[in-house]
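Coordinates in review
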Amino acid sequence: MATTAAPGPTPSAGPHEGSPHAAPASAQERTPVNKLGVAAVAITVVLWASAFVGIRAVGPSFSPGSLTLGRLAIAAVVLGLVVLPKLRMLPKGREWWPILAYGVMWFGGYNVALNAAEHLLDAGTAALLINVNPILVAVMAGLLLKEGFPRWLIIGSLIAFAGVAVIALSSGQRSTADVAGVLLCLLAAVLAAVSVIVQKPVLRKFPAAQATWFGIMVGAVCCLPFSGQLVAELQRAPLPATLGLVYLGIFPTAIAFTTWAYALSLIDAGKLAATTYLVPGTTILISWLVLGEVPTVWGLVGGVTCLVGVGLTRRRSR
């Protein structure tokens, strides 16, 4: 994605950016920040990739809504143990609006849509489709943050959406249910993209763990109508599925969303979102090793086309 850093106290410039005559102290200050950001990104990518496989694995035991509520409830407890002892202030007044927005859209809507999609699609294809998200963030950044639309952004976006079309058409050749899965993934991508834009300003005031925990709590409240389903399904679920739910709540939710928020507080939103291009390949590898799933040939072609497109959006116009 081609987003530039929003004004704030934490610039996102890398160690090689800026004037070549910058003071050594400035470079020294930036280096540890970038190392921490890279580490946070790496953790996020691996754990989010594992989430696509985990959702697919426990899907037969949990419906989309109850799975979301279970993940969020576990994450709220685990992350709450870290956040609450250090919590000194709560959001006030209008500060709640963006938190409510990404809590509902990302932690609530995104997860329900993705869980439902993975009842219809394999984990690798779902991960490839979700990675339209960086393009959407770039488009919204151009419109809302007045960053414009560079030539390579337009070219790459068209190529990436062509890849999505190939995946959708190949799914349609198998069944209409797969088309519904594609649409659910695209809905999840839209919700995630909007949430990235909304969450960025919150991280200027609140630490990453707190901002994440607030969003998780909002999402959990939105999913409370699924509590009856969750209780019933937990009683029937085999132990491996229950342990899978616990894994999803702790690692891809509590930890990965926190490391994402931490990286987002240090790095420009567009540049950070571009790192999620690594998720599909990681997901396909994990899915092949754990579930024995491989997308169809056309699904792979469409996915590669999609990744080529989003890669081109990172090129700079001369």
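Everything numeric here is computed off the predicted structure, so don't read it as measured data. (Residues numbered from 1 in each chain as written. Predicted model: local features only at pLDDT ≥ 70, side-chain atom pairs only at ≥ 80, totals over all residues. Heavy atoms only, no water.)

As for the overall build of the protein
Along the protein, the regular secondary structure elements total 13 helices and 0 strands. Seen in sequence order, the protein has helices and strands lined up from the N terminus as α-α-α-α-α-α-α-α-α-α-α-α-α. Counting the 318 residues in the protein, one finds 50% classified as buried. The long-range fraction of contacts in the protein, counting pairs at least 24 apart against all pairs at least 6 apart in sequence, stands at 89%. By element, 72% of the accessible surface of the protein is carried by carbon and sulfur atoms, the whole surface being about 14400 Å². (Helix = DSSP H or I, 4+ residues; strand = E, 2+ residues; numbered from the N terminus. Buried < 20%, exposed > 50% of the residue type's maximum accessible area, 1.4 Å probe, protein only. Contact = heavy atoms within 4.5 Å. Areas by Shrake-Rupley, 256 points an atom, 1.4 Å probe, with all protein chains shown as cover.)

What about the side chain of threonine 44?
Tracing the sequence through the fold places threonine 44 in helix 1 (residues 24-58). Given the relative accessible area of 2%, threonine 44 is considered buried. Within the local environment of threonine 44, its side chain forms a polar contact with the backbone oxygen of alanine 40, the two atoms lying 2.8 Å apart. Those residues in contact with threonine 44, other than ones at most four positions away along the chain, are Ala256, Thr259 and Trp260. (Polar contact = N/O pair within 3.5 Å; in protein donor to acceptor, adjacent residues only side chain to side chain.)

Some points on the environment of valine 279
Mapped onto the secondary structure, valine 279 falls in helix 12 (residues 278-290). Note on valine 279: relative accessible area 3%, which makes it buried. Here the alpha-carbon distance between valine 279 and valine 46, two residues 233 residues apart in the chain, equals 7.1 Å. Those residues within four positions of valine 279 in sequence are excluded, and the remaining contacts are Val45, Ala49, Phe52 and Asn131.

Observations concerning the environment of asparagine 133
With respect to the secondary-structure elements, asparagine 133 resides in helix 5 (residues 133-144). C-alpha separation for the pair asparagine 133 and leucine 191, spaced 58 residues apart in sequence, amounts to 8.7 Å. Here alanine 193 takes part through its backbone nitrogen, which lies 3.2 Å from a polar atom of the side chain of asparagine 133.

Observations regarding the pattern of salt bridges
In total, this model carries 1 salt bridge according to the counting rule given. Here lysine 205 ties to glutamate 95 by a salt bridge, and the two come within 3.5 Å at their closest N and O atoms. Here lysine 205, found in the loop between helix 7 (176-202) and helix 8 (208-222), pairs with glutamate 95, found in the loop between helix 2 (64-83) and helix 3 (96-117); they are 110 residues apart in sequence, far enough to count as distant. For lysine 205, a relative accessible area of 42% gives the class partly exposed. Under the relative-accessibility criterion, glutamate 95 is labelled partly exposed at 26%. (Salt bridge = Lys/Arg side-chain N within 4 Å of Asp/Glu carboxyl O.)

Considerations on helix 10 (residues 239-266)
For helix 10, with 28 residues, the first-to-last C-alpha span of 39 Å sits near the 40 Å given by 1.5 Å per residue. The axis of helix 10 is deflected most strongly, by about 30°, at alanine 256. (Expected span 1.5 Å × (residues − 1). Bend = angle between axes of the 7 residues up to and from the residue.)

Notes on the packing of aromatic side chains
Each pair of aromatic rings is reported with the distance of its centres and the angle of its planes. Following the criterion strictly, the structure yields 12 aromatic pairs and no others. Note on tryptophan 48 and tryptophan 106: the rings are 6.3 Å apart at their centroids and 65° apart in plane angle, and the pair reads as edge-to-face. Taken together, the residues span a long stretch of sequence, with tryptophan 48 in helix 1 and tryptophan 106 in helix 3 at a distance of 58 residues. For tryptophan 106, a relative accessible area of 3% puts it in the buried group. (Phe/Tyr/Trp six-rings, centres within 6.5 Å; stacked < 30°, edge-to-face > 60°.)

Structural notes on the nonpolar core
Of all hydrophobic cores here, the largest spans 82 residues; its most connected members are Phe52, Phe62, Trp106, Tyr110 and Trp260. The contact partners of phenylalanine 62, leaving out residues within four places of it in the chain, are Leu67, His119, Leu230, Glu233, Leu234, Ala237, Ala241, Thr242 and Leu245. (Core = buried A, V, L, I, M, F, W, Y, C linked by side-chain atoms within 4.5 Å.)

With respect to a nonpolar patch on the surface
Nonpolar side chains collect at one region of the surface, where Leu143, Leu144, Phe149, Ile154 and Leu158 lie side by side and expose about 520 Å² of accessible area between them. Counting residues per element, the ones that place at least two in the nonpolar patch are helix 5 and helix 6 (151-172). (Patch = residues over 30% accessible without salt bridge, like charges linked within 9 Å, V, L, I, M, F, W, Y side chains within 5 Å.)

Quick notes on the side chain of asparagine 111
Residue position: asparagine 111 is located in helix 3. Judged by relative accessible area, asparagine 111 falls into the buried class, the value being 3%. Beyond its immediate sequence surroundings of up to four residues, asparagine 111 is in contact with Thr68, Arg71 and Trp106.

Examining the state of the cysteines
Tallied over the full model, the rule gives 0 disulfides. This cysteine, cysteine 222, is not joined by any disulfide, and cysteine 223 carries the nearest cysteine sulfur, 6.5 Å off. Assessed through its relative accessible area of 37%, cysteine 222 is described here as partly exposed. Here cysteine 223 falls in the buried class, since its relative accessible area comes to 3%. (Disulfide = S-S within 2.5 Å.)

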